[in-house]
Amino acid sequence: MNENLKKLQQLEQENARLKRENARLQEKLNAALDGTGLCLWEHHLPSGQLTIFNMEWGKMLGFNSQELEAHFDIWKSKLHPDDYAEVVGAFEDHLAGKTSSYQAVHRMLHKNGSHSWVADRGRVVEFTEDGTPLRVMGTHIDITQEKRYELALAKLASTDPLTGVLNRAKLEQEFDQLNQTQVKQRAVLIFIDLDNFKSVNDQLGHQAGDKVLMLVAEWLNELAPANTQIARMGGDEFVMLSCCCDSNTVSGFTQTLLKRAEQAIKLDNGTAKIGFSIGVCEFAIPCNDFNALYQLADNAMYRVKKNGKNGVAYATVDSLNTASENA
């Protein structure tokens, strides 16, 4: 009897030791995961139950465990609508054996109404006897700050830092993308040069000139026809690329813009009086030579300059081999 009691005590001591080691291993795992921002999860497929091993469920989205049930359907309900189909599709493809793992970078809806960027990875770790997936384990990491930094860099690389409109490189990318469409359509390139802008800089200073450029960018964004990309090419030159835009719409836009410039612009240290010389080049998509269209619109704009400024001239091109110009 004493021997059995001794064995029982030894087993209890061994069990206690294993529990302590397991607790220490769990602490080390949590510390390692928390240090990298990783969240370790397990999904029990038949029940939909989710288990988070190293943090409270929903904490990443601003919820506590009482507010947000740890269930697969709840997780899906927090996916950003624009990412839902792609993310769920990637998960289902893995379950169907089409991919070796589940991987997705996507947005999730935060409690405060914003969204967080996350990177998910997972893999089926247990199957039923008939080969049906039973459990999936994976990691979930918040990459919101990194993604915002990435998006900010992309914006800096594609926009004009003063006015916030596109730069030339990005406009040319938009032009190339537009020409990848299989649908034939009319489009227009509009070259806009500010009249008397040098006088603004000379008389009121470059800070005043910058304010004028920013105001003009606001006007263009406000008045631009639908499906229009706006870019500042440098200095006081802007170019607009519009698709699905008829001649009447273009004419209405240019006349409204010219009328907008009739009023002097009030600045902190005086008033600025500007006008617009506008060259319009209509063309048909596909048309793969941006530089040729740009030159035609630029030439039309210069004809306005020579004829007294503050007006519009047109260049129409059906192919880059046959172009016609008219004032």
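Note that the coordinates shown come from a computational prediction; the quantities given were computed from them, not determined experimentally.

## What about the overall build of the chain?
Here is step 1 of the chain: What the chain contains, in helices and strands, is nine helices and 13 strands.
Here is step 2 of the chain: Here the chain holds 327 residues, and the buried ones make up 41% of them.
Here is step 3 of the chain: For the chain, long-range pairs separated by at least 24 residues make up 60% of all intrachain contacts whose partners lie at least 6 apart in sequence.
Here is step 4 of the chain: For the chain, the exposed area adds up to about 18600 Å²; of that, 50% sits on carbon and sulfur atoms.

## A look at a nonpolar patch on the surface
Here is step 1 of the chain: Where nonpolar side chains cluster on the molecular surface, the patch consists of Tyr149, Leu153 and Leu156 and spans about 360 Å² of accessible area.
Here is step 2 of the chain: Within the fold, Leu156 resides in helix α4 (residues 144-158).

## Some thoughts on the side chain of Ser116
Here is step 1 of the chain: Within the secondary structure, Ser116 is located in strand β4 (residues 115-127).
Here is step 2 of the chain: Looking at Ser116, the relative accessible area reads 6%, which means it is buried.
Here is step 3 of the chain: Leaving out residues up to four positions away in the same chain, Ser116 has contacts with Met60, Leu61, His106, Arg107, Met108, His110, Asp142 and Thr144.

## Side note on unusual backbone geometry
A negative phi angle characterises most non-glycine residues, just as the trans form characterises most peptide bonds.
Here is step 1 of the chain: With an omega dihedral of 5°, the bond running from Ile285 to Pro286 counts as a cis peptide bond.
Here is step 2 of the chain: Take Pro286: it is sitting in the loop between β11 (275-285) and α9 (290-306).
Here is step 3 of the chain: The residue Asn227 is not glycine, and still its phi comes out positive at about 60°.

## As for the pattern of salt bridges
Here is step 1 of the chain: Within the structure shown, the criterion is met by 15 salt bridges.
Here is step 2 of the chain: We note a salt bridge from Arg135 to Glu126, for which the minimum N-O separation is 2.5 Å.
Here is step 3 of the chain: Relative accessible area serves as the criterion here: at 29%, Glu126 is assigned to the partly exposed category.
Here is step 4 of the chain: Put simply, Glu172 and Arg168 hold a salt bridge, and the shortest N to O gap is 2.8 Å. Of the two residues, Glu172 and Arg168 are both situated in helix α5 (residues 168-178); the distance of four residues between them amounts to about one turn of the helix.

## Some remarks on the packing of helix α6 (residues 197-204) against helix α7 (residues 206-223)
Here is step 1 of the chain: Relative orientation of the contacting elements α6 and α7 amounts to 140°, with a least axis distance of 7 Å. Overall, the two elements α6 and α7 adopt an arrangement that is oblique. When α6 is examined against α7, the residues Phe197, Val200, Asn201 and Leu204 are found in contact with a partner set consisting of His206, Ala208, Gly209, Val212 and Leu213.
Here is step 2 of the chain: Looking at the contact of α6 with α7, its residues break down into six nonpolar, three polar and no charged.

## With respect to the side chain of His43
Here is step 1 of the chain: Secondary-structure assignment places His43 in strand β1 (residues 38-44).
Here is step 2 of the chain: Its relative accessible area of 2% is what places His43 among the buried residues.

## Considerations on the pairing of β4
Here is step 1 of the chain: Sheet topology note: the strand β3 (residues 102-109)/β4 ladder contains eight bridges and is antiparallel. Bridging from a neighbouring strand, Tyr102 pairs with Gly122 of β4.
Here is step 2 of the chain: Where β3 folds back on β4, the antiparallel hairpin that results is connected by five residues, among which Gly113 adopts a positive phi of roughly 95°.
Here is step 3 of the chain: Relative to strand β5 (residues 133-142), β4 is paired through nine bridges, and the arrangement is antiparallel. Residue pairing across strands places Arg123 opposite Met137, the latter belonging to β5.

Rules and cut-offs
Numbers given to residues run from 1 along each chain, matching the order in which its sequence is written. With pLDDT at 70 or above as the cut-off, local features in this predicted model cover only qualifying residues; side-chain atom pairs require 80 or more to be listed or tallied, and sums for whole chains, interfaces and linings still use all residues. Remark: hydrogens and water are excluded; side-chain values derive from all non-hydrogen atoms of the structure. Only DSSP runs of H or I covering at least 4 residues are called helices, and only runs of E covering at least 2 are called strands; the numbering of each starts at the N terminus. Note on exposure labels: buried denotes an accessible area under 20% of the residue type's maximum, exposed denotes more than 50%, and partly exposed covers the range between, all computed with a 1.4 Å probe on protein chains only. Here, two residues are considered to be in contact whenever any of their heavy atoms come within 4.5 Å of each other. What sets the accessible areas is the Shrake-Rupley method with a 1.4 Å probe; for residues, cover comes only from the shown protein chains. For patch detection, residues must exceed 30% relative accessible area and be free of salt bridges, and they are connected within 9 Å for like charges or within 5 Å for nonpolar side chains (Val, Leu, Ile, Met, Phe, Trp, Tyr). Whenever Lys or Arg places a side-chain nitrogen within 4 Å of a carboxyl oxygen from Asp or Glu, that contact is recorded as a salt bridge. In this analysis, axes come from line fits to C-alpha atoms, helices being fitted only over the stretch in contact, and the angle between any two N-to-C directions falls in the range 0 to 180 degrees. When an angle is under 35 degrees it counts as roughly parallel; over 145 it counts as roughly antiparallel; between 65 and 115 it counts as roughly perpendicular; any other value is oblique. Residues are grouped as follows: Ala, Val, Leu, Ile, Met, Phe, Trp, Tyr, Cys and Pro are nonpolar; Asp, Glu, Lys and Arg are charged; every other residue, Gly included, is polar. If DSSP finds at least two bridges between two strands, the strands pair.

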